[in-house]
Amino acid sequence: MKLFEIMRHYQRLAYALTGMLIMVGIASWFTMARQEDPSFPQRAGLIKVVFPGVTAGQIEKLITEPLEEQLTEVEELRSIKSTSRDDVVLVVMQLQDRIYDTDAAWDRVRRAMEKAERDFPQGVVEFSLDDQRVEIPAVVISVVGSGDIVSMAEQAEKLKKQLLHVAGVSRIEINGDPEKELRIELDNNTLNQLGINRDQVVAAIQTHNKIIPGGLIRIGNQGLRIASGSDLQHTGDIEAIPIALPNGQRIPLHALGKISIAPKEPKAAQSYHKGARAVSLGIFLQRGQVDSIKFGVALRERLDSVREQYAPLKIEEIFFQPDFVADRLSGLQLSLLGSISIIALAVVFALGWRNGLMVASVVPVVAIIALAIYSIGGGVLHQIAVIGVVISLGILVDNAIVVVEAIEQGLQQGLNRKAAVKEAVAKMAFPLFTSTGTTVAAFIPLLLSKGGTGDFTRGVPVMIILSLIISYIISVLVLPLLAEHLVRERVRKKSRFLEYTSEKLVSISRYHAGKAMIVGLAALVLTLALLPMLKLQFFPSADRDQVYIDITLPGDATLERTLTLSSQVEEALLERIDVSDVFRSVGMTGFRFYYNLDGVPDSTNLARLMVNTTGLAANQHIIDWVEDTLQPRFPEATLIAKKLGQGPPSPAPVEIRLIGQSQSQLFKAADQVKAILARAPGTHMIRDDLDTGIAEFSVRVENNTAQELGISNEQVATGLFGQSRGLNAGEYRYGDDPITIRIRSDGGDHTQAEELRSLYLYDENGDAVPLDAVAEVSAQWSPAVIHHYGGQRSVTMLSELLPGAAYNEVLAALDKELEHQPLPDGVELELGGDAEGSSKANNALLKTAPLGIMLLLFFMLLQFNSFRRLGIILTTIPLSAMGIIPGLFLSGQPFGFQSLLGVIALIGIVVNNAIVLLDLVDARLAEGVSVDEAVAQSIRERTAPILLTTATTVLGLLPLALSASTLWPPMAWAIISGLMMSTLLTLVFIPVLCRVLLTPSQSLPQPGVIPA
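Residues numbered from 1 in each chain as written. Predicted model: local features only at pLDDT ≥ 70, side-chain atom pairs only at ≥ 80, totals over all residues. Heavy atoms only, no water.

1. Considerations on the overall build of the chain
Regarding its fold elements, the chain presents 30 helices and 30 strands. Expressed as lengths along the three principal axes of its C-alpha atoms, the size of the chain is roughly 125 × 85 × 55 Å. Counting every position in the chain, which comprises 1012 residues, the buried fraction comes to 55%. Nonlocal contacts in the chain, meaning residues at least 24 apart in sequence, comprise 80% of its contacts between residues at least 6 apart. Of the roughly 43200 Å² of accessible surface on the chain, 56% is carried by carbon and sulfur atoms. For the chain, the distance from the average site of its 87 positive side-chain charges to the average site of its 107 negative ones is 12 Å. (Helix = DSSP H or I, 4+ residues; strand = E, 2+ residues; numbered from the N terminus. Buried < 20%, exposed > 50% of the residue type's maximum accessible area, 1.4 Å probe, protein only. Contact = heavy atoms within 4.5 Å. Areas by Shrake-Rupley, 256 points an atom, 1.4 Å probe, with all protein chains shown as cover. Lys, Arg positive; Asp, Glu negative; His and termini not counted. Charge placed at Lys NZ, Arg CZ, Asp CG, Glu CD.)

Here it is in C-alpha cells:
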C-alpha cells in the first residue's frame, strides 16, 4: 500500500507530528476558555417603550399595534410577544433558528423601530432595544449593610468601575439601583395661597438651568476658559431660585416645598439579600474567550483587596458561576479518566498486556489530539464537549482493535511481523475508512441542525466526529508503525467463551436461521409494545442545589404590595433548616443566574426568589412546601417554585397559547382549557396571564365650560400628571450622572381622590379654577395588562409536572377533551413548552437528516457497490433503535432529546460492526469459498472484535450512566441497552441474511484493496 510505505519512510515525521499535537492538546486543557454550558446565539431581544401617563388600552392602540405592524415585516423574526400596561409596552422577540448573524438581524429590527416611531405620538420618553438578553452573568454580587439605598447605589457604581479592570470582564450591570431624582415636592395649599402653579416653577428652573459656554480668552500664550455658571451646579442654587408672585414680589423656591435627592418614583425594582436591601452587580464575561475558573480566582482576589474601602458596607457573593464550572468539569474529568481506565483494562484483558497497552494508548492520544484541534478552532471547554469525548471513547478504539486483530491473524498464518502489518493495513484501511465514514455520517444531522437544541448539543457531534477521524488516521497510519516493533509474534489463544459464542452463532445462522428471524422479529414487536409506556421529556432538570420561586400578583398590584408579600415569603423560607440563602428581586426577575432560566420583563406585580438549598434532596421538599403550605397563605398571589432546567429555556413543561381578537372569547376558552389541565394527570401549579383589570379614575373634560374658563385639555392632563407623578423640569448634574429634576405635589402617588377633584388649574390670567368645575370625574374598570402574540391578543396557560409525569400525557388528555368540546369560534390554540421545543429540535434534525443519509449510503455503496449488501446493512438500523427501549424502560429513564443522541450514536456503531463483518464475508467469497463457509469464517474471526468494541463502549459509558447528573444518564443507558441488544442481533441477523441473499456468483472483488 503506497500510503503506508510513504508513512514508513517518514515515520519520524509522523511520530513528531503526533507528539506535537499531543503537547498542544495538553496545553489546551490548561489554557482554553472554560464554561459550564455552551453559549447560545443572541436570538432573543426586548423592545421597551415608555409613554408616561398613558393607560394600557391607549398604549396598545398608539404604540403596540404600529410597532408590531412594522416588526412583522422583519423576516428574521420567528415570534413577537408583547405586554402592554400603563406607561409601558414590552415586546419580546425571538429570531429564526437559522439566524447566526444576529447583529445584521437586529439592525433590521432597529430599522423597523425607526419606521414605527414616525407614527408614535408626542410624549414617548424611552424607546430602546436590548439584543443581549441571552447573556447571563458569570458572577452576581451584592452591596449590603446600610439603610441608605442611595448611598449603597453610589458605592455599587464605584465598585463597578474598579471591577471593570479585571481581565475577562465584558460589562457589569447594576440591579436594585433606585434611579435617583432631584425631587421638589410643592405644598398645594401654599401654591394656592400665593397664586402660583407648578408650570411657573418648571419655567423658572429651566430658565436658570441652561448650559451656555462662556468662551475662551488668551493671556499671552496661555488660554483662559470662562465658566459661565449658567446651569445649576449645587442644590443650594436650586433652593435659591426666585419664584415670581402675582404681586411682583419674589420668594426662593425652598419656601414652596421640600427639595431633596431621593429614589425615583414610581419606585424602581428592588433587590434584597437575606431580607436586607441590596444593590446587586451582574458581571458578564467576554463571550467564549475566558477561562471562568481562573477568572473566579482573579475576581475574588480583587474583591478581597477592596472590601475594606467599603466598610461598614459588605460585599457578598450571590451567585458564583466559576465554582459550578470547576465542579462540573472536575466531575466530568473523573468520568473521562474513569472511562479511559476501564476501556484500557478491558482491552488489555482481551488482547494481552503488550498488544492491549498499544491499543489502549490510542484512546488518550486521540482524545488529546481532538482537544488540540478543537481548541485551535476556537472551541470552548464545557460539559457538552467533554461528554462528546466520553461517548467517542468506546467507538474510537474500534479501529485500533480491528487493525491489531488483523495483524495477529497474519501472524497466525505464518507471516513475519512486517508482512503481517502490511497485509493488515492493505486489507483493513478501506473498510475502516467506509465504516468510519458511516459513523461520521450518522452525526452529520446533529452537527448541522439549527436552533437552541442544536446549539446546546453541538459539542457532542463535533468531538465525536473529530475523534473518529483522528482515530482512523492514528489506527491506519501511526499504529501500524508501532506494531512493527511491538506486536508479539506468538499466537494469542482464543478464550473458551469466545470460541463457544462464535460456534453457537455459526450454528444458529446455519441450522436455525428461520427460528432466529422469528425470535428476532418477535423481540422487535415486544420491544415496540413498550414504546407507549415510555415517558417523554424534552430535557431533564438540572442537578443543582438551587430552586427559584416566582411570585405573580394581579396586574394592578403596586410595588409596595409585591414587596410586602415577597418579604413574608422570604422570611418563611429563611426559617427552614434546608435553606441556606435567599436572594429576592422585586418588580423584576433579576439577573438570570442560570442559562436555562426564563427571563420576564420588569413589572411591579412580579418577584423572584433565588433559594440556595442544603442539597439536591431538599429541592423537592421546598417545592412541595411552597405549593402545599405557602400558596394557601397567600391566595391573592401565584407562587411557582421550580428546579432549574436543562436545554433551551422554556417557561414551563406545558405551555398553551390561546390567540384571538375577541377578549370575551379568549377568557371563555382560557377557563375551558384551564379546567381540562386541572383534570389532566400529573399537572400542578397551573396558572395563566389573564388580566383582572385595574380601577381607573376617569376625568372627562367639559369642553365648552373649559373653553369659557380658558382651560385647555392639555392643562388638565398636565395638572393631573404634575400632581401625581410630577413634571420634568430638566436635568441636574449629580456626580458623574445627570438626574431628572421632578416637580410634583407633596402627596405624589399617594394623593387622595378628593384632592384630585379639588385640584386647581390656572387660566391665562393666573386665576385658579378647580378641576371639578371643568371636568366630570368618575371611577371605572379598565385593563391593567394586554398581551399579544404574533400581533393578536392572547392568553397563555402554564403547568408544571409532578415527578414521573410527562407532557405528552397531559397534551393527549387535552386533545381528547377538545375533540368533544371544541374551543369557541375565533380562538386558536398553539403549543409551547416542551412540546414546541421537542418539535423544533426534531424538525431541525429532519431538515439535515437527508444529507446524513446520503453520506451514509455513499460510504456503504463506495465500500460494497451492491444494493443487496446495502439492504443487509440497513437492517441493523432498526435493531439499534429498538434496543434502547428496554434499557430506558427498566432504568426508569424518560425518552427525550438526550436519548435521541443515544440512537444516533448507536446507528454509527452498529453499522460499523455490520460493515466490518460483511467485508470479511466478501473477502472469503472472493477467495472462492462457499457462502456457508464464508459466513462461518467471518463469524469466527469478527465475533471477538465486535464483542470487544461493544464491551469497551458499554464499560466506558458506565461512569456516565451511574453519575449523579440528570442530563446524561438517559443517553448513556440508551446507548448501553441498545448496543448490547443490537450487537447480539447483528451477529445473528447479518449472517442469516448473508446466507439467504448472497451466492458465490454475487461475490465482489476483495474490498479494501487499493491498487499500488
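2. Considering the pattern of salt bridges
For the structure on display, the rule yields 36 salt bridges. With a shortest N-O distance of 3.5 Å, Lys 61 and Glu 65 are connected by a salt bridge. With a gap of four residues between them, Lys 61 and Glu 65 both fall in helix H3 (residues 56–71), about one helical turn apart. Note that Asp 932 is salt-bridged to Arg 995, the shortest N-O span being 2.2 Å. Of this pair, Asp 932 sits in helix H29 (residues 931–961) while Arg 995 sits in helix H30 (residues 969–997), and the two are 63 residues apart along the sequence. Exposure remark for Arg 995: the relative accessible area of 18% places this residue in the buried category. One network of salt bridges, in which partners are shared, links Glu 36, Arg 328, Asp 543 and Arg 544. (Salt bridge = Lys/Arg side-chain N within 4 Å of Asp/Glu carboxyl O.)

3. Section: the environment of Ile 939
With respect to the element layout, Ile 939 can be found in helix H29. Remark: the alpha-carbon pair of Ile 939 and Met 113, spanning 826 residues in sequence, is separated by 69 Å. Sequence-distant contacts of Ile 939, defined by excluding residues within four places in its chain, comprise Ser 502, Leu 505, Val 506, Ser 509, Leu 917 and Pro 991.

4. As for the side chain of Arg 584
Within the element layout of this structure, Arg 584 appears in strand E17 (residues 579–586). A polar contact is formed between the side chain of Arg 584 and the backbone oxygen of Leu 563, at a distance of 3.5 Å. Aside from chain neighbours lying at most four places away, what touches Arg 584 is Gln 270, Ser 271, Tyr 272, Leu 563, Ser 566, Ser 567, Glu 570, Arg 608 and Leu 609. (Polar contact = N/O pair within 3.5 Å; in protein donor to acceptor, adjacent residues only side chain to side chain.)

5. Re the pairing of E17
With seven of eight residues buried, E17 is to be regarded as a mostly interior element. Note: strand E13 (residues 270–273) against E17, four bridges, orientation antiparallel. Paired with His 273 across the strands is Phe 583, a residue of E17. Here E17 runs beside strand E18 (residues 606–613); their pairing, made up of seven bridges, is antiparallel. Looking at the pairing, Phe 583 lines up with Met 610 of E18. (Pairing = 2+ DSSP bridges.)

6. What to know about unusual backbone geometry
A cis amide bond links Ala 311 with the next residue in sequence, Pro 312, at an omega value of 5 degrees. Secondary-structure assignment places Pro 312 in the loop between helix H9 (292–306) and strand E15 (314–320). Positive phi outside glycine occurs at Asp 87, with the angle close to 80 degrees. Turning to its location among the elements, Asp 87 is positioned in the loop between strand E2 (77–85) and strand E3 (88–95).

7. Quick look at the packing of aromatic side chains
Counted by the stated rule, this structure contains 11 aromatic pairs. With 6.2 Å between their ring centres and 5 degrees between their planes, Phe 40 and Phe 456 make a pair best called stacked. With a gap of 416 residues between them, Phe 40 in the loop between helix H2 (11–31) and strand E1 (44–50) and Phe 456 in helix H14 (residues 452–457) connect regions that are remote in the sequence. Cluster of aromatic residues (ring-pair linked, three or more members): Phe 430, Phe 433, Tyr 472, Phe 858 and Phe 859. In this arrangement the basic side chain of Arg 43 is found over the ring face of Tyr 100, its NZ or CZ atom lying 4.7 Å from the centre. (Phe/Tyr/Trp six-rings, centres within 6.5 Å; stacked < 30°, edge-to-face > 60°. Lys NZ or Arg CZ within 6 Å of the ring centre and 35° of its normal.)

8. Some points on the nonpolar core
The tendency in soluble globular proteins is for nonpolar side chains to be buried side by side. Core analysis: the largest hydrophobic core is formed by 148 residues, its most contacted members being Ile 391, Leu 393, Leu 960 and Trp 968. A total of 19 residues in this core trace back to one element, the largest contributor, which is helix H12 (residues 383–412). (Core = buried A, V, L, I, M, F, W, Y, C linked by side-chain atoms within 4.5 Å.)

9. Quick word on a nonpolar patch on the surface
Judged by side-chain polarity, Ile 6, Tyr 10, Leu 13, Leu 17, Met 20 and Met 23 come together as a nonpolar surface patch covering roughly 620 Å² of accessible area. At four residues, H2 tops the list of elements feeding residues into the nonpolar patch. Along the chain, Met 20 falls in helix H2. On the basis of relative accessible area, Met 20 is assigned to the partly exposed category, the value being 44%. (Patch = residues over 30% accessible without salt bridge, like charges linked within 9 Å, V, L, I, M, F, W, Y side chains within 5 Å.)

10. A look at the pairing of E18
When you tally the buried positions in E18, you get eight out of eight residues, the bulk of the element. Pairing geometry for strand E16 (residues 546–552) and E18, over seven bridges, is antiparallel. Within E18, the position partnered with Ile 549 by the bridge is Leu 609.

11. Thoughts on the confidence of the model for the chain
When pLDDT is averaged along the chain, the result is 83, and 94% of the positions lie at 70 or above. In this model, residues 1001–1012 is a region of pLDDT below 50 whose contacts with residues beyond four sequence positions or in other chains number 28 contacts. (pLDDT = per-residue confidence, 0-100.)

12. A word on the packing of helix H13 (residues 417–448) against helix H15 (residues 459–486)
Relative to each other, H13 and H15 sit at 175 degrees, their axes nearing to 9 Å. On the basis of their axis angle, the class for H13 and H15 is roughly antiparallel. Here the residues of the contact of H13 with H15 are counted per class, giving 21 nonpolar, three polar and three charged. (Axes fitted to C-alpha atoms, helices over the stretch in contact; angles between N-to-C directions. Parallel < 35°, antiparallel > 145°, perpendicular 65-115°, else oblique. Nonpolar A, V, L, I, M, F, W, Y, C, P; charged D, E, K, R; others polar.)

13. Topic: the side chain of Asp 922
Relative to the helices and strands, Asp 922 is located in helix H28 (residues 897–926). Here the side chain of Asp 922 touches Arg 869 through a polar contact of 2.9 Å, side chain to side chain.

14. Topic: H28
With 30 residues, H28 should cover 44 Å at 1.5 Å per step; its first-to-last C-alpha distance of 44 Å lies within 8% of that length. The buried count for H28 comes to 28 of 30 residues, which makes it a mostly enclosed element. Taken from the residues just after H28, Gly 928 is the one with a positive phi, measuring 100 degrees. (Expected span 1.5 Å × (residues − 1).)

15. A word on the packing of helix H16 (residues 496–511) against H30
The geometry of H16 relative to H30 is characterised by a closest axis approach of 9 Å and an angle of 40 degrees between their N-to-C directions. Considering their axes alone, H16 and H30 lie oblique with respect to each other. Between H16 and H30 lies a crossing whose hand is right-handed. Touching Leu 505, Val 506, Ile 508, Ser 509 and Arg 510 of H16 are Leu 987, Val 988, Pro 991, Val 992 and Arg 995, all from H30. (Left-handed = near helix turned anticlockwise from the far one by under 90°.)

16. Describing the environment of Val 579
Assignment of secondary structure puts Val 579 in strand E17. Judged by relative accessible area, Val 579 falls into the buried class, the value being 9%. In this structure the C-alpha to C-alpha distance between Val 579 and Gln 546, which are 33 residues apart in sequence, comes to 9.3 Å. Ignoring anything within four residues of it in the chain, the contact list for Val 579 reads Leu 573, Val 611, Asn 612, Thr 614 and Ile 622.

17. Overview of the environment of Thr 943
Assignment of secondary structure puts Thr 943 in helix H29. Thr 943 has contacts with Thr 501, Ser 502, Leu 505, Ser 938 and Leu 987, leaving out every residue within four places of it along the chain. Within polar-contact distance, the side chain of Thr 943 engages the backbone oxygen of Ile 939 at 2.4 Å.

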